[in-house]
Structure formats: structure tokens, C-alpha cells
Amino acid sequence: MGSLVDGVLLVALVATSACVLPMYLKLKRLDRTQAEYGAAVAASGVALAQAGEAVRSFKDEGREVLEALSLKIEEARATLAELEASRTALQAARTDKA
């Protein structure tokens, strides 16, 4: 009777081991996958921070370009006004001579 119980216990131990081994392998695979996922999330965080910095830099550079363009437009308008005044004066001088 004792060897029958030992045999049943041995079969139960082998069956338990057979069930535990695949579960252990799945847990190891899950652990690796979780580590890879954590690394991917960290890399995404770094990439988003760099993208945010690039957007801020682009905004600042855009503002500088806009200010420079505004100054050039004002200079061009002043030059155009001077040219228009010169043209008007030249026409007036031609009309007086005629």
C-alpha cells in the first residue's frame, strides 16, 4: 500500500512539474517582453522630449525670422515711398519745364 501511495505521489509530482515548467517559461518570456516594453517606453519618452525641444526651437527661430521680415518690409515700404516721391517730383519738374 505504501508503494502505491508513493507511486501516486510521484505521478502527481511529475504532473505538477509538467504544468509548472511551461508556466515558468511563459513567465520568463513575459519578463523579457516587459523589459523590452520598458525600454521602448523610455526611448519614446526621450524622442518626445527631443521633438518638443525641436518645436520650441522652431517657434523661436520662426519668431526671429518674422521680426526680420517685418523690418525688411518696413524698409521696403519706406524705399518705395521715397521712390514714389522722387517720381512725383520728377514729373512735376518736367511739367513746369514744358
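Use the structure listed above.
Please read these numbers as outputs of a predicted model, since none were measured by experiment.

**A look at the overall build of the protein**
Alright, step 1. Along the protein, the regular secondary structure elements total one helix and zero strands.
Alright, step 2. Relative to its length of 98 residues, the protein is extended, with a C-alpha radius of gyration of 42 Å against a globular reference of 13 Å.
Alright, step 3. Its C-alpha atoms give the protein principal-axis dimensions of about 140 × 20 × 10 Å.
Alright, step 4. Of the accessible surface of the protein, which amounts to about 8800 Å², a share of 68% is contributed by carbon and sulfur atoms.
Alright, step 5. In the protein, which carries 12 positive and 13 negative side-chain charges, the distance between the mean positions of the two groups comes to 5 Å.

**Some details on a positive patch on the surface**
Alright, step 1. A cluster of like positive charges, contributed by K26, K28, R29 and R32, occupies part of the molecular surface.
Alright, step 2. Among the structural elements, R29 can be located in helix 1 (residues 2–97).

**Thoughts on the pattern of salt bridges**
Alright, step 1. The final tally for this structure, using the stated rule, is five salt bridges.
Alright, step 2. Residue K72 is joined to E75 by a salt bridge in which the shortest nitrogen-to-oxygen separation is 3.7 Å. Taken together, the residues K72 and E75, both in helix 1 and three residues apart, mark about one turn of the helix.
Alright, step 3. One salt bridge in this structure joins R87 and E84, with 2.5 Å as the shortest N-O distance. Here the residue R87 and the residue E84 both occupy positions in helix 1, the gap between them amounting to three residues, near one helical turn.
Alright, step 4. Its relative accessible area of 42% is what places R87 among the partly exposed residues.

**Some points on the environment of E61**
Alright, step 1. When you line up the elements, E61 lands in helix 1.
Alright, step 2. For E61, a relative accessible area of 46% gives the class partly exposed.
Alright, step 3. The spatial distance from the C-alpha of E61 to the C-alpha of L83 is 33 Å, given a sequence separation of 22 residues.

Conventions and cut-offs
- Residue positions are given per chain, counted from 1 along the sequence in the order it is written.
- Thresholds applied to this predicted model are a pLDDT of at least 70 for local features of residues and 80 or more for the giving and counting of side-chain atom pairs; totals over whole chains, interfaces and linings are not thresholded and use all residues.
- Hydrogens and water are ignored here; the side-chain numbers use all heavy atoms of the structure.
- Helix and strand labels come from DSSP, where a helix needs a run of H or I of at least four residues and a strand needs a run of E of at least two; each type is numbered from the N terminus.
- To get the radius of gyration, use the C-alpha atoms; to get the globule rule, take the number of residues to the power 0.38 and multiply by 2.2 Å.
- Only the protein chains shown count as covering a residue, and every accessible area follows the Shrake-Rupley method with a 1.4 Å probe.
- When charges are counted, neither His nor the chain ends are considered; positive counts come from Lys and Arg and negative counts from Asp and Glu.
- Charged groups are reduced to one reference atom each: NZ for lysine, CZ for arginine, CG for aspartic acid, CD for glutamic acid.
- Patch members must show over 30% relative accessible area and no salt bridge, and they are joined within 9 Å when carrying like charges or within 5 Å when they are nonpolar side chains of Val, Leu, Ile, Met, Phe, Trp or Tyr.
- What counts as a salt bridge is simple: a side-chain nitrogen of Lys or Arg found within 4 Å of a carboxyl oxygen of Asp or Glu.
- We call a residue buried when its accessible area falls under 20% of the maximum for its residue type, exposed when it is over 50%, and partly exposed in between, using a 1.4 Å probe and counting protein chains only.

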